[in-house]
Amino acid sequence: MRLLHTSDWHLGRAFHRVNMLGAQAEFIGHLVTTVRERGVDAVVVSGDVYDRAVPPLAAVELYDDALHRLADLGVPTVMISGNHDSARRLGVGAGLIGRAGIHLRTEPSACGTPVVLSDAHGDVAFYGLPYLEPALVKDEFGVEKAGHEAVLAAAMDRVRADLATRARGTRSVVLAHAFVTGGEASDSERDITVGGVAAVPAGVFDGVDYVALGHLHGCQTITERVRYSGSPLPYSFSEADQRKTMWLVDLGADGSVTAERVDCPVPRELARIRGTLEELLAEPGLARHEEAWVEATLTDPVRPADPMARLTERFPHILSLVFDPERAPDDPDVSYARRLAGRSDQQIAEDFVAHVRGAGPDGREQAVLRDAFDAVRADEAVREVAR
């Protein structure tokens, strides 16, 4: 059975100030063409279909168009909700839509109930694990401590239990939206850290033939059977060096996996350039970036006048300007943003405690801070569901 694995469409999202809806529509067209021309038997979409819980109308219309075009091909699609989606909204009409071969899996309680498709070699069971916010689903899965590994392990226990009841030789595919250990993050994913831990081990998914992951925006292979497709478009300059693709996966009669990357359309190249303003304006080697979307980092020791306007004359599609003066690390003028770069909310809070009282928090206080951040994240998730 040939699968096309994609995820993280983020319909409705902009790239800095650029409306990406046209590029997203081009991707949908490319996906449909790939399904038709490459003999795809099933499409799997591993979450973050939309960029936010209440998407703009134009994004909903594009989603509707995508579903109609996939249904018209007669190729089944299995889709889960991600942490950016409103699971309840995305799942509206799932039963009716399922009759057209578009199978939405947004309910945590249905993790152990697969979509079963067949080919010449027998059945393939597709299990949809939507994004599982630990604080909201721990009771459903009967886990004492809310954490990503605990709820995903419980969900996979249901998958393996159901698979054990099926005919011998039944192959299995799991769709999941999670941060798996070994994956490389970018700047455009929303943080899902709970209890100081964001990642779960790949071993949680043992016992199935293929795991189609979503959440991380770079296409990557965790193991031969556990892969991220990544987002089809870039949503931050940290993705400038990423090759945006989908996975074309052939699932053999014995459950063996072979996978090929299928490139996605590139609306415009991304470039990150760095130097003083005069260097960026004069360097001949930067000519290749003049039609790219550009993030420029200026290293001038003193901020120059009108840098954006001057850079735009050479790089008309420049979108981001960063100031990073070349100074000694102990220079008191090193920017606040630079000092905080790469630090988590927990670390920043602990540093603040150390700053105001002269000593950092002890273990009990660290736990209090961690619980507070987790409570805020859970509350935000509840608010999104209720919108």
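Everything quoted here is computed from the prediction, not taken from an experiment.

**Q** Got a sec to walk through the packing of aromatic side chains? Specific residues and values, please.
**A** Under the counting rule described, the total for this entry stands at four aromatic pairs. Relative to Phe237, the ring of Phe15 has its centre 5.0 Å away and its plane inclined at 50 degrees; by these criteria the two rings are tilted. With Phe15 in strand β2 (residues 14–15) and Phe237 in the loop between β14 (226–228) and β15 (245–251), the pair connects residues that are 222 residues apart, well separated along the chain. For Phe15, a relative accessible area of 0% gives the class buried. Classification of Phe237 as buried rests on a relative accessible area of 3%. When the centroid spacing of 5.3 Å and the interplanar angle of 55 degrees are considered together, the rings of Tyr50 and Tyr63 count as tilted.

**Q** Account for the pattern of salt bridges, with residues named and values stated.
**A** Side chains that differ in sign of charge can pair as their charged atoms come close. All told, the structure shown has 17 salt bridges when counted by the stated rule. In this structure, Glu260 engages Arg38 in a salt bridge whose closest nitrogen and oxygen atoms are separated by 2.9 Å. Taken as a pair, Glu260 in strand β16 (residues 257–263) and Arg38 in the loop between α1 (21–37) and β4 (42–46) lie far apart in primary sequence, 222 residues in all. Owing to a relative accessible area of 35%, Glu260 belongs among the partly exposed residues under this scheme. For Lys244, the salt bridge goes to Glu239, with nearest N and O atoms at 2.6 Å. Note on Glu239: relative accessible area 2%, which makes it buried.

**Q** Please give an account of the pairing of strand β19 (residues 318–323) that cites residues and values.
**A** Pairing between strand β18 (residues 293–298) and β19: five bridges, direction parallel. Across the sheet, the residue bridging to Thr297 is Val322, located in β19. Between the parallel elements β18 and β19, the chain passes through helix α8 (residues 307–314) in a crossover that is right-handed.

**Q** Go over the nonpolar core, please, and point to the residues and values.
**A** Leu129, Phe141, Leu152, Met156, Val174, Phe205 and Leu213 are the most contacted members of the largest nonpolar core, which has 33 residues in total. Apart from residues lying up to four places away in sequence, Phe205 is in contact with Leu152, Met156, Arg160, Val174, Ala176, Val180, Val211 and Leu213. Of all hydrophobic cores here, the second largest spans 28 residues; its members include Val35, Val49, Tyr50 and Ala59.

**Q** Describe the sheet that holds strand β9 (residues 171–177), naming the residues involved and giving the relevant values.
**A** Strand order in the open sheet formed by six strands is β7-β8-β9-β12-β14-β13, and the pairing between neighbours is mixed. The two strands at the open ends of the sheet, each matched to only one other strand, are β7 (115–119) and β13 (220–223). Adjacent strand axes in the sheet meet at a mean angle of 20 degrees when their direction is disregarded. Here five bridges tie β9 to strand β12 (residues 210–214), and the two strands are oriented parallel to one another. By the bridge assignment for β12, Ala176 is matched with Leu213. Along the sheet, helix α6 (residues 148–164) makes contact with β8 (122–129) and β9, crossing β8 at roughly 160 degrees.

Cut-offs used in this document
- Residues numbered from 1 in each chain as written.
- Predicted model: local features only at pLDDT ≥ 70, side-chain atom pairs only at ≥ 80, totals over all residues.
- Heavy atoms only, no water.
- Phe/Tyr/Trp six-rings, centres within 6.5 Å; stacked < 30°, edge-to-face > 60°.
- Helix = DSSP H or I, 4+ residues; strand = E, 2+ residues; numbered from the N terminus.
- Buried < 20%, exposed > 50% of the residue type's maximum accessible area, 1.4 Å probe, protein only.
- Salt bridge = Lys/Arg side-chain N within 4 Å of Asp/Glu carboxyl O.
- Pairing = 2+ DSSP bridges.
- Right-handed = clockwise from strand over helix to strand, strands pointing away.
- Core = buried A, V, L, I, M, F, W, Y, C linked by side-chain atoms within 4.5 Å.
- Contact = heavy atoms within 4.5 Å.
- Axes fitted to C-alpha atoms, helices over the stretch in contact; angles between N-to-C directions.

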